[in-house]
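So you can see what is in the structure, the chains are spelled out below.
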Amino acid sequence: MKISIVLGRGIEGCGVTKNSVEWETWLEDNGHTVTVYASKDKKWSRNSSHNIKNLVHVRFDNDDFDQVYEGCKSSDAVIFSSLPSTDHSQKCINNFAKLFDLNVKKVSFQHDHNKSSLRRNAQNLLLDSIEKVDMIFAHSTTSDFADMVKTPNLFDMREREIHLRQPAINFAEHKKYRKPVDQQDPKHHKWVGRTARWKGYDLMFSWHNYLKDIGHLTTFEGIEKSPVFIEFKRDFEFHDCLGLNPNDIDLQDRYGEKATVFSQYINEEMLERMSRCGFGYQLSILDEKFLEKSLEFTHLEIVAVGAIPVFRKEYGDICIHRYYDKPLTELDSGTIWLSNDNMEECRDLVQELSANEELRNEYRNKSYEVYSYYDSKYIIQEMFDKMEMS
């Protein structure tokens with residue numbers, strides 16, 4: 001099949017972009033032809049974070065859009081993975097709307113969780129992404145987006161189904177980063193994310209006080225100078241290395257000291273650095289109605305490259321494993337579940353693990369076994385099968 005993936009908001013460099021990379025890889029590996037069309041109308045600071053091989057990156061508000069339109073028109077299916085925002089030009093929005101009228105199979109991937117995020121989309125396109133497509137995939141059937149889908153439209157009373165989706169990665173592709181346990185630094189703890197409050201950087205700073213007391217090293221990657229950075233810099237004490245390359249910084253004198261904070265990263269380079277750390281952190285928190293069975297890509301990447309995963313306990317309590325059908329925290333998953341209420345317990349476990357290579361390897365292998373059910377060979381295959389049957 002010939003598949004077009006359309007990123008109307010552009011190359012944001014976060015989970016939406018990573019999703020396109022994983023879909024591109026899976027489609028090619030399974031004999032399909034894929035092109036990713038991304039709007040160039042708005043510049044994003046993370047637009048070089050990921051490598052998209054079959055990319056057409058053009059403005060949607062001028063004649064360059066013709067190649068987007070013709071490419072999608074000649075496809076067997078078009079996947080809408082993001083929509084132009086309210087900040088995009090009206091010409092860009094109007095051109096994008098034409099894609100919803102094409103006589104091809106049309107599929108919506110909705111990544112946004114809550115009302116405030118949904119409101120940033122051009123609203124006519126958000127409605128089109130519900131009413132003018134053949135299938136809708138989202139993280140949850142109880143989210144704010146799901147409420148929109150279920151709201152009756154007097155002019156279109158068709159019943160629509162939301163199909164669940166979860167982020168997925170190619171675990172085999174990430175094995176190239178994985179190191180033997182004796183080549184990792186058992187005292188290096190790396191948080192990855194961005195300057196969004198729900199990513200949990202505040203919890204990481206609280207936890208760093210315990211790590212500092214036992215002489216360990218904490219680094220952050222992904223913190224950008226967004227409006228929230230003003231309060232980030234006000235509230236926390238750290239080595240500000242936002243303008244520096246992590247590969248160029250000697251961290252030897254920072255064990256037991258302030259955390260070191262780096263800015264946006266190239267995904268492949270961050271994964272290589274993460275693979276050399278003893279512990280990797282993903283501390284996001286979302287309301288239960290937004291999750292169902294979805295993890296973040298960074299949850300999976302930490303496991304795939306071989307760091308011991310340290311995830312937020314509140315997230316694991318409400319996220320249901322897609323295969324075992326239990327909350328993640330009820331599984332023997334080689335995961336440290338961190339919260340504000342159990343830091344002393346987690347500190348003791350970290351000290352035990354950092355001194356015991358055999359035990360660390362057991363944790364690494366357990367986590368790989370449990371989270372590899374989120375491999376693209378399962379999730380994307382299932383989603384694609386549904387698309388073909390629709």
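Residues numbered from 1 in each chain as written. Predicted model: local features only at pLDDT ≥ 70, side-chain atom pairs only at ≥ 80, totals over all residues. Heavy atoms only, no water.

Trainee: Tell me what's going on with helix 10 (residues 267–275), and back it up with residues and numbers.
Mentor: Because each turn of an α-helix spans 3.6 residues, side chains separated by three or four positions end up pointing in the same direction. Taken together, the buried positions of helix 10 are Asn 267, Met 270, Leu 271, Arg 273, Met 274 and Ser 275. Considering only its buried residues, helix 10 is in contact with helix 1 (15–29), helix 7 (171–174), strand 8 (185–192), strand 9 (217–221), strand 12 (277–282) and helix 11 (297–304). (Buried < 20%, exposed > 50% of the residue type's maximum accessible area, 1.4 Å probe, protein only. Helix = DSSP H or I, 4+ residues; strand = E, 2+ residues; numbered from the N terminus. Contact = heavy atoms within 4.5 Å.)

Trainee: If you had to explain the packing of aromatic side chains to someone new, which residues and values would you point to?
Mentor: Applying the stated criterion across every chain, the model contains 28 aromatic pairs. Each residue in the set Trp 191, Tyr 201, Phe 205, Phe 220, Phe 229, Phe 232, Phe 236 and Phe 238 is aromatic and connected to the rest through ring pairs, giving one cluster. Its guanidinium or amino end placed over the ring of Phe 109, Arg 165 lies 5.5 Å from that ring's centre, counting from NZ or CZ. (Phe/Tyr/Trp six-rings, centres within 6.5 Å; stacked < 30°, edge-to-face > 60°. Lys NZ or Arg CZ within 6 Å of the ring centre and 35° of its normal.)

Trainee: Could you give an account of the state of the cysteines, naming the residues involved and the relevant values?
Mentor: Here a disulfide denotes one covalent bond, and it connects the sulfur atoms of two cysteines. Applying the stated criterion across every chain yields a total of 0 disulfides. Among the cysteines around Cys 72, which has no disulfide bond, Cys 92 carries the closest sulfur, lying 13 Å off. Here Cys 346 stays unpaired: no disulfide links it, and the sulfur of Cys 277, its closest cysteine neighbor, is 18 Å away. (Disulfide = S-S within 2.5 Å.)

Trainee: Requested: an account of the sheet that holds strand 11 (residues 259–261), with residues and values cited.
Mentor: Sheet architecture is open: 7 strands sit in the order 10-11-9-8-12-13-14, paired in parallel fashion. Of all the strands in the sheet, just strand 10 (238–240) and strand 14 (336–338) have a single pairing partner and so form its edges. Sheet twist, expressed as the average angle between the axes of neighbouring strands with direction ignored, equals 25 degrees. Bridging between strand 9 and strand 11 involves 2 bridges; their strand directions are parallel. Residue pairing across strands places Thr 219 opposite Thr 260, the latter belonging to strand 11. Of the strands in this sheet, strand 8, strand 9 and strand 12 touch helix 10, which is tilted by about 125 degrees from strand 12. Along the sheet, helix 11 contacts strand 8, strand 12 and strand 13 (308–312); its crossing angle with strand 13, the most-contacted strand, is approximately 155 degrees. (Pairing = 2+ DSSP bridges. Axes fitted to C-alpha atoms, helices over the stretch in contact; angles between N-to-C directions.)

Trainee: Describe the environment of Tyr 281, listing the residues and the values that go with them.
Mentor: In this fold, Tyr 281 is placed in strand 12. When the C-alpha atoms of Tyr 281 and Val 192 are compared, they prove to be 6.5 Å apart, with 89 residues separating the residues in sequence. Once residues within four sequence positions are removed from consideration, Tyr 281 is found in contact with His 189, Lys 190, Trp 191, Val 192, Met 204, Trp 207, Leu 211, Ile 302, Val 310 and Leu 338. Here His 189 takes part through its side chain, which lies 2.7 Å from a polar atom of the side chain of Tyr 281. (Polar contact = N/O pair within 3.5 Å; in protein donor to acceptor, adjacent residues only side chain to side chain.)

Trainee: I'd like to hear about the nonpolar core, residue by residue, with values.
Mentor: Of all hydrophobic cores here, the largest spans 54 residues; its most connected members are Trp 23, Leu 27, Ile 79, Phe 171, Leu 295, Tyr 371 and Met 387. If we ignore the near neighbours within four places in the chain, the residues touching Phe 171 are Leu 300, Val 303, Ala 304, Tyr 368, Tyr 371, Ser 372, Tyr 374 and Asp 375. (Core = buried A, V, L, I, M, F, W, Y, C linked by side-chain atoms within 4.5 Å.)

Trainee: Any chance you could break down the packing of helix 8 (residues 201–213) against helix 13 (residues 343–354) for me, citing the residues and the numbers?
Mentor: Between helix 8 and helix 13, whose axes approach to 10 Å, the crossing angle comes to 55 degrees. When the axis of helix 8 is compared with that of helix 13, the two are oblique. In the packing of helix 8 onto helix 13, the handedness of the crossing is right-handed. Residues Leu 203, Ser 206, Trp 207, Tyr 210 and Leu 211 of helix 8 touch helix 13, and the partners they reach there are Met 343, Glu 344, Cys 346, Arg 347 and Val 350. Split by residue class, the contact of helix 8 with helix 13 holds 7 nonpolar, 1 polar and 2 charged. (Parallel < 35°, antiparallel > 145°, perpendicular 65-115°, else oblique. Left-handed = near helix turned anticlockwise from the far one by under 90°. Nonpolar A, V, L, I, M, F, W, Y, C, P; charged D, E, K, R; others polar.)

Trainee: Explain the pattern of salt bridges to me, using residue names and the numbers behind them.
Mentor: Applying the stated criterion across every chain, the model contains 23 salt bridges. Lys 18 is the partner of Glu 301 in a salt bridge, and the nearest nitrogen-oxygen pair spans 3.1 Å. Within this pair, whereas Glu 301 is found in helix 11, its partner Lys 18 is found in helix 1, the two being separated by 283 residues in sequence. On the basis of relative accessibility, which here comes to 4%, the residue Glu 301 falls in the buried class. Salt-bridge contacts for Glu 314 lead to Arg 312; the nearest nitrogen and oxygen are separated by 3.6 Å. (Salt bridge = Lys/Arg side-chain N within 4 Å of Asp/Glu carboxyl O.)

Trainee: Account for the pairing of strand 12, with residues named and values stated.
Mentor: Within strand 12, 6 of the 6 residues are buried, which leaves it mostly tucked inside the rest of the structure. Here 4 bridges tie strand 8 to strand 12, and the two strands are oriented parallel to one another. The residue bridging Asp 185 from the neighbouring strand is Cys 277, located in strand 12. Bridge analysis of strand 12 against strand 13 gives 4 bridges, and the strand direction is parallel. Bridge assignment links Phe 279 to a residue of strand 13, and that residue is Ile 308. A crossover links strand 12 with its parallel partner strand 13, the connecting element being helix 11, and its sense is right-handed. (Right-handed = clockwise from strand over helix to strand, strands pointing away.)

Trainee: Which residues make up the environment of Glu 221, and what values do they have?
Mentor: The topology assignment puts Glu 221 in strand 9. Sequence separation between Glu 221 and Met 383 is 162 residues, and the spatial gap between their C-alpha atoms is 31 Å. Here Lys 190 takes part through its side chain, which lies 2.8 Å from a polar atom of the side chain of Glu 221. A distance of 2.8 Å separates a polar atom in the side chain of Glu 221 from a polar atom in the side chain of Arg 273.

Interpretation note: all reported values are geometric properties and have no functional meaning in isolation.
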